[in-house]
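# A structural walkthrough
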Amino acid sequence: MMEVLDMLAQPAFWIAVLRIATPLILGTLGVLLCERAGVLNLGIEGIMVAGAFAGWLAVYGGASLWTGVLVAALTGAVFGLLHAFLTVSLALSQHVSGLGITLLATALSYYGYRVSFPKVSTPPTIEPFADMDWLAIPVLAQQTPLTLLALLLVPLLAYVLYRTPLGLAVRMVGENPQAAEGQGVSVAAVRTGAIVAGSALMGVAGSFLTLSAFNAFFFNMVNGRGWICVALVVFASWRPGKALLGALLFAFFDALQLRLQQSSGATLPYQMYLMLPYVLSIAALVLVARKASYPQALMKPYRKGER
Amino acid sequence: MRLEKRATSSAAALVLAPIGAVVFTLLVSSVLVWWAGAAVTETYALLLKGGFGSVFALSETLTRAVPLILTGLAVTVAFKARLFNIGAEGQLYVGALAAVAVGGMHSGTGFDLPPALLFGLMLLASALAGALLLLGPALLKSRLGVDEVVTTLLLNFIVLLFVSMMLDGPMKDPLAMGWPQSVALIGDLELSKLIPQTRLHTGLLWACALAVVVWVLMRYTVLGFDIRAIGANARAAAFAGVPVTRTVVLVAMLSGALAGLAGAIEVAGRTGYVTLDMSPGYGYTGIVIAMLAGLHPLAVVAASVFVAGMLVGADSMSRAVGVPTFIADVIVAASLIAVLVATLMTQYRVRRA
Amino acid sequence: MTAPVLELTQITRRFGDLVANDAISLQLHAGEILALLGENGAGKSTLVSILFGHYVADAGQIAVFGKSLPPGDPKAALDAGIGMVHQHFTLADNLSVLDNVVMGSEPLWQPFSRRQAARQRLSEVARRFGLDVDPDALIGNLSVGERQRVEILKALYRGARILILDEPTAVLTPGESEALFAVLGQMVAQGLSIIFISHKLGEVLRVSHRIAVLRAGKLVAQADAHATTQEQLALWMVGHAVEPPRALPGKSVGDVVCALDTVSAGTGRERLDAVSLQLHAGEIVAIAGVSGNGQTALAELLSGTRAAISGTVRLLGAPLAHRPSRLVELGVARIPEDRHTVGVIGDLPVWENVVSERLRSPVFSRWFWVRRAQARAHAQQVIAQFDVRGAGALAPARALSGGNMQKLILGRALLHPDSGAAGAAITPRLIVAHQPSWGLDIGAVAYVQQQLIAARDAGAAVLLISDDLDEVMAMGDRIAVMHAGHLSAARPAVDWSREAIGLAMAGAAVAAGATA
């Protein structure tokens, strides 16, 4: 017990928490945006892989780090557009479309990586984002700019969702698309926009892994983080503020588990520590299940004019 | 643009749609082949030859198809009831572990049971392991409304870690010189070969038989009706007297059992023991196969052979031409999307709004 | 004669082979209430959907205040001054009244929202037309009448000068309907023009200035309200005289088939609160009341899909099973309210839908095998006897039109598989019919009512739940009224007057034995 408290007292711990939380914040916000508009996007796992690869490849090819982030965002947006076409224009099953995109994006990324680097013994690396020493705030100063971006996006997204006409339109489209249509708002346009924007965020979440947390791309890098974001959105009741909280809470336990593994008092097999994040996610889902107030039109395909 | 439902869709269209979609996919993936700097026709020729061009190639393809048929059936049964079982991967692994537990962890004594009986017990244990794994998420969904997609997905990761734990510890093969693999099945329990000098084993017969069983179940039994009814409209099904919760439980157990059997049959037929990488994503590929097959149990066999052919062909093609094996995964994933769109076109007409 | 505010010219629209609107030309003048009358399927909803931009017409033009209206664009319609109050409210339960009203009224690219100004404008509009509402209330917490007010406010807030109301009184008590008519009067006094869709003849004559009648997609007649009668309108609507089946009093009322004793079930809006009722063989008990006052809970209870929280329900002397298949075995025939989402499984073939309730019985299954031949044969019999048209036994049930779907459901419920060809028909013991005529054309309605009366005459106990007061008064041997989960005593039809039922529907207590 004392050892745990010691751990919590060290700033290094909290630095790790923020670092682990960053891709989760970005990914969860991305899923949140899609689901608020009424569309489940299970493509996140694959889009994060694609964002990680595309952003990293751009930087490896000589682009600046921020250009890499932009490339990652655009990659996410393109897959988002595909998902929007399948689920909004064609009203196909959102589950299957999303899973298909995860498989496709992952396969394309792995293929692209192998084509670009056919025989490598050690993975090629890039120079990642540097810490923000110029910032006077502790813990935050040791983070990279992408973390700052993630933290700033939370209040920004909240503002857009709750205080602007566009945000209201997004929410209405996710609650009752017929109502939106009847008030002159194009459901297809708003949903597509939300999915594309959300998928861009997912791409950026992936790029954090290769441009900030690590400096190379390797297989199984995302390792289920995308699915955890999907669970976190439910836990967050589709609210950006709670999404931040959920991501931080999850990162807290993940950082804790990592340290416990390495500490001298570790008696359990290391795999059990690694299981903790996934078990917690399932627990979080079960906890909020009863009172989850879904956007009412979530996962219901909308065909204009079909009554 | 809007979609108008056609009154009826022709049977011919329903068969042509997947084929057309696959052809379209192959055309699109030509771009990827070109990116790798290889000649497109040569690559595809090698792909087909590697998958289907010789008895050996066919035997490899069919061997690879066996777990795919089973996971494809597992997903088909579940999806028919709108239970989105994305956890077939984990169910396969626990099935494999259970098979080894019953079939190998007795220091060669075989629990003093005749091999035939032990074999049956082994299959039963695997089926049960897979069934129980899916039961949890299924009950969470029907009782608490927890979306089963995320829970089954997360369970996959948990199971894989669990397998790793088992392979490091209680189920570790002491003779494997540090390599993380499980104790092996005793020889009596291994499936015999269908074609000598190849890896093709009688598991193929088990898989095909199960496909027929699932088909008969869905079409001719009351349970099959219940499953289809719940998948189509759970409220109306409940009104008509279908026992919804009981059926969901049965579906979960059936689906999980099929995936668990995939693990058992892989162990008994191909590997002989459990390793961490024994399944290169068969559980997820099963989803693609189920959708390619239009959730029809018999078509699952055809779809599995197709996908297995792609995967096997890509291995040999890659060695020859240098195009990364992941091309097969791209083709499979893109086929899924293309088939979805093509099948939609058989049911809907595109009209201006 | 001033220029019309709205002019439709030769509007035509097809859905596949069906001609929903056939060269319809119509005018609306300022300050006028025009009623659009027609049976279900006559084309009224399609026409106004075209007007509002939900659909695009295949041919024809629309001119609003003299200017041509771009087709297929609700936003253009809104900008031109057309507002629509849909039959099924298009409101988001999880958002507030203000959110629902304001959504879409500000440009989407605007980075801020003028909430205060919007709130004030909403209050002002509400006051002007007498529509009282709390801007911050969540829609999910509002009553049906209140929701309709919000739906109307949506249109008025956007400055609608032409208002379309699609079957607005379908969900209102007679009292609430009167309040609505008063609001309409206010609107007209302030210069608005109104199109009022209905299939209720009395109401249409009462409230509108002019009436346009649609039949099978064509405009067949127009008349001033004071210059025509219900009979003439009915004739135009149907094309021939229709004699609604007048239920003669039952010959002999038998034993109690089903008895509810202080039964409570469900929570919230849709609940039963200490309800008592006895259903005898050979009589029709009709339950009047606006939908949403507990009727669904009652129907679900007797259909086996909902359990009671307290009280007892006895069927043929034994406690009522909470299992639909058991109830069907015992002779309970159920006709659900919503044929598309509850009555029938659209993706499954017609024959499977016919036998769906009895699949577990030995007639249609042995162990776990389905006896397909017997099942298909029975399905053919039902299709033939109940004239189910539009799709064969093997086609998916969703291919059936509403009327044919209802006939399938009726046949499934009323035709017992053991009914021999020798004509020894087995009548159900209890029929639970929940809004059986909803959404059907007059011919189909008459058919359904005939079947129920025939079953009653053969000895069945019939529970008819209907929000159509005319149907209740024509069919019921005894009538009870449902309001907010409470069921009045079921008194003989002669003891009720239309006014008394109306009052009871609105919740006014009715003194025992009073014959107002």
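Residues numbered from 1 in each chain as written. Chains lettered and ligands numbered in written order. Predicted model: local features only at pLDDT ≥ 70, side-chain atom pairs only at ≥ 80, totals over all residues. Heavy atoms only, no water.

### Brief notes about the sheet that holds strand β1 (residues 6-15) of chain C
All names here are of chain C. Here four strands make up an open sheet; going across it, the order is β2-β1-β4-β5 and the pairing antiparallel. Looking at the sheet topology across the chains shown, the edges are occupied by β2 (18-28) and β5 (67-68). When β1 meets strand β4 (residues 59-64), the two strands line up antiparallel, connected through five bridges. In the sheet register, Leu8 faces β4, and the bridge partner there is Ile62. Set on the sheet, helix α1 (residues 44-52) makes contact with β1, β2 and β4; between it and β1 the angle comes to about 115°. (Pairing = 2+ DSSP bridges. Helix = DSSP H or I, 4+ residues; strand = E, 2+ residues; numbered from the N terminus. Contact = heavy atoms within 4.5 Å. Axes fitted to C-alpha atoms, helices over the stretch in contact; angles between N-to-C directions.)

### As for the packing of aromatic side chains
Any two aromatic rings considered together are summarised by their centre-to-centre distance and by the angle between their planes. Counted according to the given criterion, the structure contains 28 aromatic pairs over all chains. Judged by centre distance (5.4 Å) and plane angle (55°), the ring pair of Phe219(A) and Phe326(B) falls under tilted. A residue pair is termed interchain when its members come from two chains, as with Phe219(A) in the loop between α9 (187-213) and α10 (225-235) and Phe326(B) in helix α13 (residues 326-347). Residue classification places Phe326(B) among the buried positions, given a relative accessible area of 18%. (Phe/Tyr/Trp six-rings, centres within 6.5 Å; stacked < 30°, edge-to-face > 60°. Buried < 20%, exposed > 50% of the residue type's maximum accessible area, 1.4 Å probe, protein only.)

### Considerations on a nonpolar patch on the surface
Taken together, the side chains of Val15(B), Leu16(B), Ile19(B), Val23(B) and Leu27(B) make up a nonpolar region of the molecular surface, amounting to roughly 500 Å² of accessible area. In this structure, Ile19(B) sits in helix α1 (residues 11-35). (Patch = residues over 30% accessible without salt bridge, like charges linked within 9 Å, V, L, I, M, F, W, Y side chains within 5 Å. Areas by Shrake-Rupley, 256 points an atom, 1.4 Å probe, with all protein chains shown as cover. Salt bridge = Lys/Arg side-chain N within 4 Å of Asp/Glu carboxyl O.)

### Details of the environment of Ala179(A)
Along the polypeptide, Ala179(A) turns up in helix α8 (residues 177-182). Given the relative accessible area of 1%, Ala179(A) is considered buried. Sequence-wise, Ala179(A) and Met48(A) are 131 residues apart; in three dimensions their C-alpha atoms are separated by 33 Å. The residues contacting Ala179(A), other than those within four sequence positions of it, are Met172(A), Thr90(C), Leu91(C), Met103(C) and Lys154(C).

### Considering the interface of chain A and chain B
Opposite the 47 residues of chain A that make contact, chain B presents 47 residues. Summing the contributions of chain A and of chain B, the shared interface buries around 4,100 Å²; its carbon and sulfur component is 84%. Where chain A packs against chain B, one counts zero salt bridges. Remark: the boundary between chain A and chain B carries three residue pairs in polar contact (both at pLDDT 80 or more). Looking at the side of chain A that touches chain B, the elements that each hand over two or more residues are α4 (65-89), α5 (94-116), α10 and α12 (270-289) of chain A. Of the residues forming the side of chain A that touches chain B, the biggest block, 16 residues, is contributed by α5(A). Residues belonging to the side of chain A that touches chain B are distributed by class as follows: 33 nonpolar, ten polar and four charged. (Buried area = accessible area lost by both parts, 1.4 Å probe. Polar contact = N/O pair within 3.5 Å; in protein donor to acceptor, adjacent residues only side chain to side chain. Nonpolar A, V, L, I, M, F, W, Y, C, P; charged D, E, K, R; others polar.)

### A closer look at the interface of chain B and chain C
Taken together, the contact between chain B and chain C spans 25 residues of the former and 30 residues of the latter. Taken over both partners, the interface formed by chain B and chain C buries close to 2,400 Å², and the fraction arising from carbon and sulfur atoms is 59%. Three residues, Val222(B), Phe225(B) and Phe239(B), lead the burial of chain B against chain C; their summed loss comes to 31% of the area buried on that side. Along the contact surface separating chain B from chain C lie two salt bridges. In this structure, Arg228(B) engages Glu352(C) in a salt bridge whose closest nitrogen and oxygen atoms are separated by 2.7 Å. Linking chain B to chain C there are seven residue pairs in polar contact (both at pLDDT 80 or more). If you list the elements that add at least two residues to the side of chain B that touches chain C, you get β1 (2-5), α7 (203-220), α8 (222-232) and α9 (234-239) of chain B. Counting residues per element, the side of chain B that touches chain C draws most heavily on α8(B), which supplies six residues. Of the residues in the side of chain B that touches chain C, the class split is 14 nonpolar, three polar and eight charged.

### What to know about the pairing of strand β14 (residues 310-315) of chain C
Residues and elements named next belong to chain C. Two strands pair when backbone bridges link them, and strand β11 (residues 256-265) and β14 are joined in this way by five bridges, in the antiparallel orientation. Paired with Ala259 across the strands is Arg314, a residue of β14. Bridge count for β14 against strand β15 (residues 318-319) is two bridges, and the pairing is antiparallel. From the neighbouring strand, Leu315 faces β15, where its bridge partner is Ala318.

### Some words on the domain arrangement of chain C
All names here are of chain C. One can read the domain layout of chain C as domain 1 (6-238), domain 2 (250-331 + 432-516) and domain 3 (340-427). Computed over C-alpha atoms, the centres of domain 2 and domain 3 are 25 Å apart. Facing the eleven residues of domain 2 at the interface are twelve residues of domain 3. Of the roughly 940 Å² buried between domain 2 and domain 3 on both sides combined, carbon and sulfur atoms contribute 71%. Here domain 2 and domain 3 share zero salt bridges between them. Our enumeration of links across domain 2 and domain 3 arrives at one residue pair in polar contact (both at pLDDT 80 or more). Taken together, the elements giving at least two residues each to the side of domain 2 that touches domain 3 come down to α10 (324-330) and α15 (442-457). It is α15 that provides the largest number of residues to the side of domain 2 that touches domain 3, a total of four residues. (Domains from an automatic or database assignment.)

### Quick notes on the sheet that holds strand β10 (residues 218-224) of chain C
All names here are of chain C. Pairing in this open sheet of six strands is mixed, and the strands run β6-β7-β8-β3-β9-β10 from one edge to the other. The open sheet has two edge strands, β6 (82-85) and β10, and neither has a second partner. Within this sheet the neighbouring strands show an average axis-to-axis angle of 20°, counted without direction. Bridge analysis of strand β3 (residues 33-37) against strand β8 (residues 193-198) gives five bridges, and the strand direction is parallel. Counted as the bridge partner of Leu36 is Ile197 from β8. Contacting β6 and β7 (162-166), helix α5 (residues 144-157) crosses the sheet at an angle of about 175° to β6.

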